[in-house]
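Structural overview
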Amino acid sequence: MSKRYVLYTMHNSPYSDKVRALLRYKRLPVDEQVENAQTRFSVLQARTGKTMVPVVLTPAGDAVNDSTTIAATIEAACPQPPTRWKDPVADTLAMLLEDYADEWLVRIMLCSRWYHADDAAQNATLIACAMTHSVYGVDFQRAARDFPASIVATLPKMGATPDNAESWYAMLPAMLAALDEALSRSLFLTGSSPHQCDFAFYGQLNQLRRDPTGSAWIGDGPASVRQWLDRIEGACAPGASTVPSSLADLDALRPLAVQMAETYLRMQVANALAVEAGHNQVRAELAGAVAFSAAPAKYNSKLLGANLDLLETLYAAGRALPTAIESALLAELGPLAAAQSALLAARPALARRF
Ligand SMILES: N[C@@H](CCC(=O)N[C@@H](CS)C(=O)NCC(=O)O)C(=O)O
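Below or above, wherever it landed, is the structure these notes cover. Quick caveat: nothing in here was measured; it's all calculated off a predicted structure.

Counting 117 residues, the largest nonpolar core has F201, L205, W228 and L333 as its most contacted members. A domain split of this core shows at least three residues from each of domain 1 (5-77) and domain 2 (90-102 + 179-354). Apart from the residues lying within four places of it in its own chain, the contact partners of F201 are L97, Y100, A101, L105, M175, L179, L189, W228 and L256.

Structure (structure tokens):
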């Protein structure tokens, strides 16, 4: 049996960048395979039921998809150096932020990428190069047209359309400023070494900084953010070592947590209530005057449930987030209590906070 991991990726996949960096940080032996039009089905779909990357084939012979599940699998198999914190307060906040990067920052990145012509052309070429590599009979022009079209079709379902793209872009400077504030207290977001959440932000921002429009935005943003991205790559380099320790004082993360609460979490709550009520549209006014509108999605309710589970576990253990952060999150969850949502009823320690 091979003792090496195999990582299936795509050049312009933020989750692939996230997992690659995490595997490198863990010093695990990895063979990377960029997916093509053949392995997409013969390996990815055959082993996971989905055509998505990243996928990790473990030395034990398992195929794991979804970057968060992959990170949990890797952490269990290889706990050192840690990418989760033992301190439940720091770890809970970090895991909420991981989800924010994975599910919200990605929308800003995708809008920028696919709603700007130069960025879209660069990425269509990247995808077509990978998909046609080593595969006989796949037309390059067709790959460059069809694969991007299937990605662009998912954006309106995420609330991001060409009409409201500017309001998505406007969230980025606020997020970069919040990251700058967080990084004023520590080398990485929640401690002295990268947590899973650092890798999640890294994946999205690393993709953004490779696109023509995004590279200018990241270039105009705080230097601390660029230095942190480089620091993450540095921590993954052979021979680098870190002394992991989580932040005791999480107050510098308040601006980032507030951004998450007033945008992503607000959308999650509006979505969950629309799903529970059987409505056919989710509408929410998000911070920064973003008018969010999309069809209700059970996927988003599932993600909200996972975030509520994090809080439930923390509260059930008698712990709590710092007051300023907690109040921002609970303010957004209030409508769940007011509507007597089943999501809260199933989480009694959290429900008692209202
Ligand atoms: N939640 C998943 C998202 C993975 C994902 O969206 N992968 C994209 C590339 S970034 C993909 O493979 N899309 C192609 C497809 O769905 O066929 C994760 O965290 O890994």
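From this point, the discussion proceeds with the structure in view.
Attention shifts here to helix α1 (residues 14-25). Working note: α-helix, 3.6 residues per turn, so residues spaced by three or four point in the same direction. For α1, built from 12 residues, the straight-helix expectation of 16 Å at 1.5 Å per residue is met to within 8% by its first-to-last C-alpha distance of 17 Å. Burial of α1 is extensive: 10 of the 12 residues sit out of reach of the surface. Directly after α1, the chain includes R27, whose backbone phi takes a positive value near 60°.

This paragraph deals with the sheet that holds strand β4 (residues 63-65). Reading across from one edge, β2-β1-β3-β4 is the order of the 4 strands in this open sheet, with mixed pairing throughout. With partners counted over all chains shown, the strands left at the sheet margins are β2 (30-34) and β4, one partner each. When strand polarity is set aside, the average angle formed by the axes of neighbouring strands in this sheet is 20°. Bridge count between strand β3 (residues 55-57) and β4: 3 bridges; the pairing is antiparallel. Within β4, the residue paired with V55 across the bridge is N65. Its contacts with the sheet place helix α3 (residues 67-77) against β1 (5-9), β3 and β4, and it is angled at close to 130° to β4.

A few words now on the site of the ligand. Lining the immediate environment of the ligand, one finds S13, P14, Y15, R40, T51, M52, V53, P54, D66 and S67. Between the ligand and the protein, one listed contact pairs an oxygen atom with a side-chain N or O atom of R40 at 2.9 Å. A distance of 2.9 Å separates a nitrogen atom of the ligand from a polar side-chain atom of D66. Within the complex, the protein chains bury 75% of what would otherwise be the 510 Å² of accessible surface of the ligand. Among the residues making up the shell around the ligand, the classes are represented as 5 nonpolar, 3 polar and 2 charged.

This next bit is on the pairing of strand β6 (residues 290-294). Two faces make up the sheet, and in a regular strand the side chains alternate between them. Of the two faces of β6, the one lined by V290, F292 and A294 is fully buried and the one lined by A291 and S293 carries no buried residue. Bridge count between strand β5 (residues 282-286) and β6: 5 bridges; the pairing is antiparallel. Pairing of R283 across the sheet is with S293, part of β6. What sits between the antiparallel neighbours β5 and β6 is a turn of 3 residues, in which G288 has the positive phi angle 85°.

How each quantity is defined
- Residues numbered from 1 in each chain as written.
- Predicted model: local features only at pLDDT ≥ 70, side-chain atom pairs only at ≥ 80, totals over all residues.
- Heavy atoms only, no water.
- Core = buried A, V, L, I, M, F, W, Y, C linked by side-chain atoms within 4.5 Å.
- Buried < 20%, exposed > 50% of the residue type's maximum accessible area, 1.4 Å probe, protein only.
- Domains from an automatic or database assignment.
- Contact = heavy atoms within 4.5 Å.
- Helix = DSSP H or I, 4+ residues; strand = E, 2+ residues; numbered from the N terminus.
- Expected span 1.5 Å × (residues − 1).
- Pairing = 2+ DSSP bridges.
- Axes fitted to C-alpha atoms, helices over the stretch in contact; angles between N-to-C directions.
- Near = heavy atom within 4 Å.
- Polar contact = N/O pair within 3.5 Å; in protein donor to acceptor, adjacent residues only side chain to side chain.
- Areas by Shrake-Rupley, 256 points an atom, 1.4 Å probe, with all protein chains shown as cover.
- Nonpolar A, V, L, I, M, F, W, Y, C, P; charged D, E, K, R; others polar.

Nothing here speaks to function; it is geometry throughout.
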